[in-house]
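Listed below, chain by chain, are the residues.
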Amino acid sequence: RQAEHYERMTNNFWENEKTSEFICEAAEDFYYDGYEDTFDTIFTSPPYFNVERYSHDDTQSWVRYKDIDDWNELFLHKALRNIWETIKSGGYLLVNISDVNASSKGKKSKGWLSICDPMNDFLDTLKDSEYQGCIGYEMAKRPNCIGVGTAKVTEETNRKPEYILPEKEGLFGEPIWIWKKTANI
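1. Digging into the overall build of the chain
Link 1 in the chain: When its secondary structure is counted, the chain shows four helices and six strands.
Link 2 in the chain: In sequence order, the chain lays out its α and β elements as α-β-α-α-β-β-β-α-β-β.
Link 3 in the chain: The buried share of the chain, reckoned over its 185 residues, is 41%.
Link 4 in the chain: For the chain, long-range pairs separated by at least 24 residues make up 75% of all intrachain contacts whose partners lie at least 6 apart in sequence.
Link 5 in the chain: Element-wise, carbon and sulfur atoms account for 49% of the exposed surface of the chain, whose accessible area totals about 11,500 Å².

Dropping the structure here:
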């Protein structure tokens, strides 16, 4: 059903007919063979661990990975690594994701779970990646979300303090992390 919805939406949105391919597979299991160095920009908004649940299918990351560390490494980092190769040199990856207030490892009590720092630390290990900054867009507060201003800067990363937005009382924005693919050396 979701594929049919996107097909209808795509065909009615553009002035000229466009084609699209809807792949019903777990993001971390899909390899983009044939798409290497294809895209100028990729914008993605992965699910926020177990806070966003699109279905109960066994392909869903929250079903597959109950522990935040497993989810970060086996889902998010793997999926981002897979799409990284599809970005042209000089192109950009924009990731809309935030830390969450949720339970992990089957614990009933909730706590703040880190997604952003592990993700950015992972992207920083890619030899052809360069952190560009984090922007946010104002919106109604997402349940269980920290929002912009939670990233920490360490000497081991190329994330510059001037790019990290300070926490401000009464404001909320979803973070969009921006990474550039540099020229292959």
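Having put the structure on the table, let's press on.
2. Notes on the nonpolar core
Link 1 in the chain: Among the nonpolar cores identified, the biggest contains 28 residues, and Trp71, Leu80, Leu93 and Ile97 are the most heavily contacted of them.
Link 2 in the chain: Elements with a minimum of two residues in this core: helix 3 (68-84), strand 2 (87-96), strand 3 (100-102), helix 4 (116-125), strand 5 (129-138) and strand 6 (173-181).
Link 3 in the chain: Ranked by residues supplied to this core, first place goes to helix 3 with seven residues.
Link 4 in the chain: If we ignore the near neighbours within four places in the chain, the residues touching Leu93 are Ile42, Thr44, Leu80, Ile83, Trp84, Ile87, Leu123, Trp177, Ile178 and Trp179.

3. So, the packing of aromatic side chains
Link 1 in the chain: Counted by the stated rule, this structure contains five aromatic pairs.
Link 2 in the chain: With centroids separated by 5.7 Å and ring planes inclined at 70°, the aromatic side chains of Phe49 and Trp71 adopt a geometry described as edge-to-face. On the criterion of sequence distance, the pair formed by Phe49 in the loop between strand 1 (39-44) and helix 2 (61-64) and Trp71 in helix 3 is long-range, its members being 22 residues apart.
Link 3 in the chain: For Phe49, a relative accessible area of 0% corresponds to the buried category.
Link 4 in the chain: Relative to Trp179, the ring of Tyr131 has its centre 5.1 Å away and its plane inclined at 65°; by these criteria the two rings are edge-to-face. A residue pair is termed long-range when its members are at least 10 positions apart, and Tyr131 in strand 5 and Trp179 in strand 6 qualify at 48 residues.

4. Things to note about the pattern of salt bridges
Link 1 in the chain: Counted according to the given criterion, the structure contains six salt bridges.
Link 2 in the chain: With a shortest N-O distance of 3.9 Å, Asp37 and Lys181 are connected by a salt bridge. Within this pair, whereas Asp37 is found in the loop between helix 1 (2-13) and strand 1, its partner Lys181 is found in strand 6, the two being separated by 144 residues in sequence.
Link 3 in the chain: On the basis of relative accessibility, which here comes to 45%, the residue Asp37 falls in the partly exposed class.
Link 4 in the chain: A single salt-bridge network, built from bridges that share partners, covers Glu28, Asp29 and Arg64.

5. Observations concerning the packing of helix 3 against helix 4
Link 1 in the chain: Running from amino to carboxyl end, helix 3 crosses helix 4 at an angle of 45°, the nearest separation of the two axes being 10 Å. Relative to helix 4, the element helix 3 lies oblique. At the point where helix 3 passes helix 4, the crossing takes the right-handed sense. Taking contact as the criterion, the partners of Asn72, Leu76, His77, Leu80 and Arg81 in helix 3 are, on helix 4, Pro118, Met119, Phe122 and Leu123.
Link 2 in the chain: Residue composition of the contact of helix 3 with helix 4, by class: six nonpolar, two polar and one charged.

Cut-offs used in this document
Residues numbered from 1 in each chain as written. Predicted model: local features only at pLDDT ≥ 70, side-chain atom pairs only at ≥ 80, totals over all residues. Heavy atoms only, no water. Helix = DSSP H or I, 4+ residues; strand = E, 2+ residues; numbered from the N terminus. Buried < 20%, exposed > 50% of the residue type's maximum accessible area, 1.4 Å probe, protein only. Contact = heavy atoms within 4.5 Å. Areas by Shrake-Rupley, 256 points an atom, 1.4 Å probe, with all protein chains shown as cover. Core = buried A, V, L, I, M, F, W, Y, C linked by side-chain atoms within 4.5 Å. Phe/Tyr/Trp six-rings, centres within 6.5 Å; stacked < 30°, edge-to-face > 60°. Salt bridge = Lys/Arg side-chain N within 4 Å of Asp/Glu carboxyl O. Axes fitted to C-alpha atoms, helices over the stretch in contact; angles between N-to-C directions. Parallel < 35°, antiparallel > 145°, perpendicular 65-115°, else oblique. Left-handed = near helix turned anticlockwise from the far one by under 90°. Nonpolar A, V, L, I, M, F, W, Y, C, P; charged D, E, K, R; others polar.

The values are spatial; any link to function lies outside them.
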